[in-house]
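# A closer look at the structure
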Amino acid sequence: MPRIPQKTAAAAVLMLWGILLPAQHTPVEELKAKAERASGGRQAVLYAELAQSLVEVADRQFTDSLPDQGQATVQEVLKYATMARDISIRTRKKMKDTETHLRQAERRLEAVRRTLSVVDRPPLEQVEKQIEKFRKDLLNAMFGPPKKEKKPS
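No experiment lies behind these values; they were computed from the predicted model shown. Counting restarts for each chain: residues are numbered from 1 in the order of the written sequence. At least 70 in pLDDT is required for a residue's local features to be given in this predicted model, at least 80 for side-chain atom pairs to be given and counted, and no such filter applies to totals for whole chains, interfaces and linings, which use all residues. With hydrogens and water set aside, each side-chain value is computed from the structure's full complement of heavy atoms.

Of the regular secondary structure elements, the protein chain holds six helices and zero strands. Along its sequence from the N terminus, the protein chain presents helices and strands in the succession α-α-α-α-α-α. Between buried and exposed lies partly exposed: a residue is buried under 20% and exposed over 50% of the maximum accessible area for its type, with that area taken using a 1.4 Å probe on protein chains only. Out of the 153 residues belonging to the protein chain, those deemed buried represent 34%. The contacts in the protein chain between residues at least 6 apart in sequence include a share of 64% that link residues at least 24 apart. On the protein chain, roughly 10500 Å² of surface is accessible, and the fraction owed to carbon and sulfur atoms is 56%. Secondary structure is summarised from DSSP: a helix means a run of H or I of at least four residues, a strand means a run of E of at least two, and numbering begins at the N terminus for each. For this analysis, residues touch if any pair of their heavy atoms sits within 4.5 Å. For the area figures, the Shrake-Rupley method with a 1.4 Å probe applies, and any residue is considered shielded solely by the protein chains shown.

If you want it as structure tokens, here you go:
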């Protein structure tokens with residue numbers, strides 16, 4: 001059996017890694033397109049995933065010294081998190097998945113906020129609080145007492 005030189009094996013592993021790694025992270029534009037085409041609970045989950053992905057984009061923008069773009073991206077996070085919450089509660093589908101993605105986005109947003117200067121933090125803190133409220137809304141919709149219907153007298 002012929003031996004494969006270590007350099008060749010290492011290069012093959014790196015090429016394979018380069019091919020597989022991007023497949024794990026769906027680009028933001030592709031997620032937007034998927035979310036717009038989807039419906040119901042799947043759409044809510046995709047919007048929540050999109051919000052989560054946009055937090056990473058905002059982090060890169062802040063790291064690259066682009067605070068204005070980062071703040072705009074954080075507002076997009078809020079927009080898509082709002083859409084995810086609204087759709088999930090309206091359809092009553094995939095609520096737990098949506099809540100999970102929003103929780104991860106909230107935690108990551110908190111981590112990003114802590115790396116910023118004091119001047120850049122307040123808008124992120126506001127968005128973080130909104131996402132926390134959205135999560136509570138979802139949890140209340142899932143586990144809260146059923147609404148009592150008023151009987152006409």
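Moving on, there is more to tell.
Averaged over every residue, the pLDDT of the protein chain is 85; residues scoring 70 or more account for 78%. Values of pLDDT, ranging from 0 to 100, describe the predictor's confidence in every residue of the model. Mean pLDDT across the elements of the protein chain bottoms out in helix 1 (residues 6–24) (52) and peaks in helix 5 (residues 95–115) (95).

Another point: the pattern of salt bridges. Each salt bridge in this description consists of a side-chain nitrogen of Lys or Arg and a carboxyl oxygen of Asp or Glu lying within 4 Å of one another. Within this structure, the stated rule accounts for 16 salt bridges. Residue R103 pairs with E99 through a salt bridge whose shortest N-O separation is 3.5 Å. Highlighted residues: R103 and E99, both in helix 5, separated by four residues, approximately one helical turn. Across the pair R135 and E99 runs a salt bridge whose closest N-O atoms are separated by 2.8 Å. Linking R135 in helix 6 (residues 121–143) with E99 in helix 5, this pair joins segments that are 36 residues apart in sequence. Summarising the burial analysis for this pair, R135 and E99 share the class buried. Beyond isolated ion pairs, a larger network of salt bridges with shared partners links K96, E99, R103, E106 and R135.

In this model, helix 6 (23 residues) spans 33 Å end to end at C-alpha, consistent with the 33 Å of a helix rising 1.5 Å per residue. Regarding helix 6, the residues found buried are L124, V127, E128, I131, F134, R135, L138 and A141. Those residues of helix 6 hidden inside the fold are in contact with helix 3 (40–63), helix 4 (67–91) and helix 5. Between the first and last residue of a helix there are one fewer steps than residues, each counted as 1.5 Å, and that sum is the expected span.

What follows deals with the packing of helix 3 against helix 4. Angles here are taken between N-to-C directions and fall from 0 to 180 degrees, while the axes themselves are lines fitted to C-alpha atoms, restricted in helices to the stretch in contact. Where helix 3 contacts helix 4, the axes come no closer than 8 Å and their chain directions differ by 165°. Taken together, the axis directions place helix 3 and helix 4 in an arrangement best described as roughly antiparallel. Like other packed secondary-structure pairs, helix 3 and helix 4 cross with a definite hand, here left-handed. Three categories are distinguished: nonpolar for Ala, Val, Leu, Ile, Met, Phe, Trp, Tyr, Cys and Pro, charged for Asp, Glu, Lys and Arg, and polar for the others, with Gly belonging to the last. Taken together, the residues of the contact of helix 3 with helix 4 sort by class into 18 nonpolar, 10 polar and one charged. By the definition adopted for this analysis, an angle is roughly parallel if under 35 degrees, roughly antiparallel if over 145, roughly perpendicular if from 65 to 115, and oblique otherwise. By definition, turning the near helix anticlockwise from the far helix through less than a right angle yields a left-handed crossing, and turning it clockwise yields a right-handed one.

What counts as a ring pair is set by centres within 6.5 Å for rings of Phe, Tyr and Trp (its six-membered ring), and what kind of pair is set by the plane angle: stacked under 30 degrees, edge-to-face over 60, tilted for all other angles. Taken as a whole and judged by the stated rule, the model has one aromatic pair. On the basis of an interplanar angle of 20° and a centroid distance of 5.6 Å, the ring pair of Y47 and Y80 is categorised as stacked. Highlighted residues: Y47 in helix 3 and Y80 in helix 4, separated in sequence by 33 residues. Accessibility classification places Y47 together with Y80 in one group, the buried group.

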